[in-house]
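# Secondary and tertiary structure notes
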Amino acid sequence: MSLHSRLSFLPLKLKDFLRISGTRFFCENSTLRLSQRTAIPSFGVLLDIDGVLVRGRKPIAGVKKALELLRQAEAPSVFLTNRGLESEKETAERLSDKIGFEVKEDQMVLSHTPLKMFNSLHDKHVLVSGQQNIKEILRSYGFTNVSEMEDVRQAYPLLDMVDRERRYNHVNSGIPAKELPPIEAILLLGEPVRWETNLQLVIDCLVTGGSPESSVMKTNEQIPLIATNTDFLYVAEAPLPRLEDCKKRTGKELVYTALLGKPNLASYQYAEYCLLNQVSDSMPGQIKSLYAIGDNLDTDIYGANVCNEYLTSFHENDDGNIEGQVSRTGEEVEVCGTSKWMPEVTNLESILVLTGVSCQDAENLTSTEGACFLHRDTAFQPHLRQACHVVDDIMAAVELILKKEQGSS
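As the structure is a computational prediction, the values presented were derived from the model and not from experiment.

Each value, and the rule that gives it
- Residues numbered from 1 in each chain as written.
- Predicted model: local features only at pLDDT ≥ 70, side-chain atom pairs only at ≥ 80, totals over all residues.
- Heavy atoms only, no water.
- Buried < 20%, exposed > 50% of the residue type's maximum accessible area, 1.4 Å probe, protein only.
- Helix = DSSP H or I, 4+ residues; strand = E, 2+ residues; numbered from the N terminus.
- Pairing = 2+ DSSP bridges.
- 1 Å grid on protein atoms, 1.4 Å probe; cavity = no way out; pocket = protein on both sides within 12 Å on 5 of 7 lines; lining within 4 Å.
- Points joined across faces, edges and corners; volume = space filled by probe spheres on them.
- Contact = heavy atoms within 4.5 Å.
- Axes fitted to C-alpha atoms, helices over the stretch in contact; angles between N-to-C directions.

Turning our attention to the pairing of strand β9 (residues 225–228). The alternating pattern of β9 places L225 and A227 and I226 and T228 on opposite faces, both of which are buried. Two elements, strand β8 (residues 185–188) and β9, share 3 bridges in a ladder whose sense is parallel. Note on β9: the bridge partner recorded for I186 is L225. As paired elements, β9 and strand β10 (residues 258–260) share 3 bridges and run parallel to each other. Of the residues in β10, the one forming a bridge with A227 is L259.

Residues K262 and P263 are joined by a peptide bond in cis, for which omega reads 15°. Here P263 is to be found in the loop between β10 and α10 (265–276). The phi torsion at E74 lies on the positive side, around 55°, for a residue other than glycine. Assignment of secondary structure puts E74 in the loop between α2 (63–72) and β4 (77–80). Residues other than glycine seldom take positive phi values, yet Q132 does so here, at roughly 65°.

Moving on: empty space enclosed by the protein. Scanning the entire structure with this criterion turns up 4 cavities of 30 Å³ or more. In this model, the largest cavity occupies a volume close to 60 Å³. Taken together, L46, L47, D48, L80, K262, Y268, A292, I293, G294 and D300 make up the full set of residues lining the largest cavity. Among the secondary structure elements, those contributing two or more residues to the lining of the largest cavity are β1 (43–47) and β11 (289–294). When residues of the lining of the largest cavity are assigned to their parent elements, the largest contribution, 3 residues, is made by β11.

For the rest of this paragraph, the subject is the sheet that holds β11. A sheet is described by the order of its strands in space; here 6 strands give the open sequence β5-β4-β1-β11-β12-β13, paired in parallel fashion. Of all the strands in the sheet, the pair left with one neighbour each is β5 (108–109) and β13 (389–391). The pairing of β4 with β5 spans 2 bridges and is parallel. Following the sheet pairing, F79 is matched in β5 by M108. Relative to the sheet, α10 contacts β1, β4, β5, β11 and β12 (347–353), its axis offset from that of β4 by approximately 150°. Of the strands in this sheet, β11 and β12 touch helix α11 (residues 297–316), which is tilted by about 165° from β12.

What is shown is where atoms sit, not what they do.
Shown next, in the form of structure tokens:
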């Protein structure tokens, strides 16, 4: 019986949340130093982008006015999205141009932004799968030794079995194979250009413990594997699900060290840090409530509800200490240390808007069926798919938040 099939959430326990979210362990020293800012209200807002603020290249009606209201209320806001494969600065600039409202780089949390917290991997030799300027992105996060799939292909040209012409041309060229130290961790940052090559080489590195010239699994422990943006609506062409074939070659289940992006807890942990960084560090505990606005039940709403139950369980715990409470089983690999997330916020309310994915399924907003696109390591809990509030659009969501907060002040 698998780990997730054994889980029971009634009553919910704190240690369960590190598993239902798909994230095994958070990183050591993840409590980052906050810069000094002015005091602001006791709530913060997490905003999804696609389907909430924009639809493709067009802004959704009322978005600029809604964000202006949040700014006038001095409410700290973070843009929490499953986008990736570009820098936070690039995403912020592009979004600002679309909606006519200035979004700052430090407000942006992409699917891979929480990798900034994974300090114990920053000095490891990591292999990254993705495209565009992913090496530069990881280096800006603190990673010092990054290789791409092309580096592995040049070191082991015969492993790229799909493109025969490219494979044999390299071998026949007489160019010596590139030397490559053993891979110590693998990061999947999004869809690659050549998914078939990436798939093959990722599996080869996994089953050989990071040294593809060796025999299968010369080590008993799988090297760390971290995936960002598990929100796959095109599973037939994405590499992640196919990695399950690793078991056929090794006899062992593939283990994800951590999953990032919504609905996984690590992204909310980093989002809270970003919100607190907009508040004076001389006034700890200022932000008590969070509101998460999204359009997708299986990412935005599910993740917000998982986070809320984690916050509730954390603050109900007598000593407030979550270290050592994570159940360590054979299916879990500790790479980044036990969780250090000591959240200041106490609750998070999910708000569903009907301007994105949900508008195509308006009749099933309260359905506990579905969750078709949750990652296999995210245990499905039906009640987590139900939003606290359902509104028409971003403007209605902001008005709801401000009304609630003014009424509670």
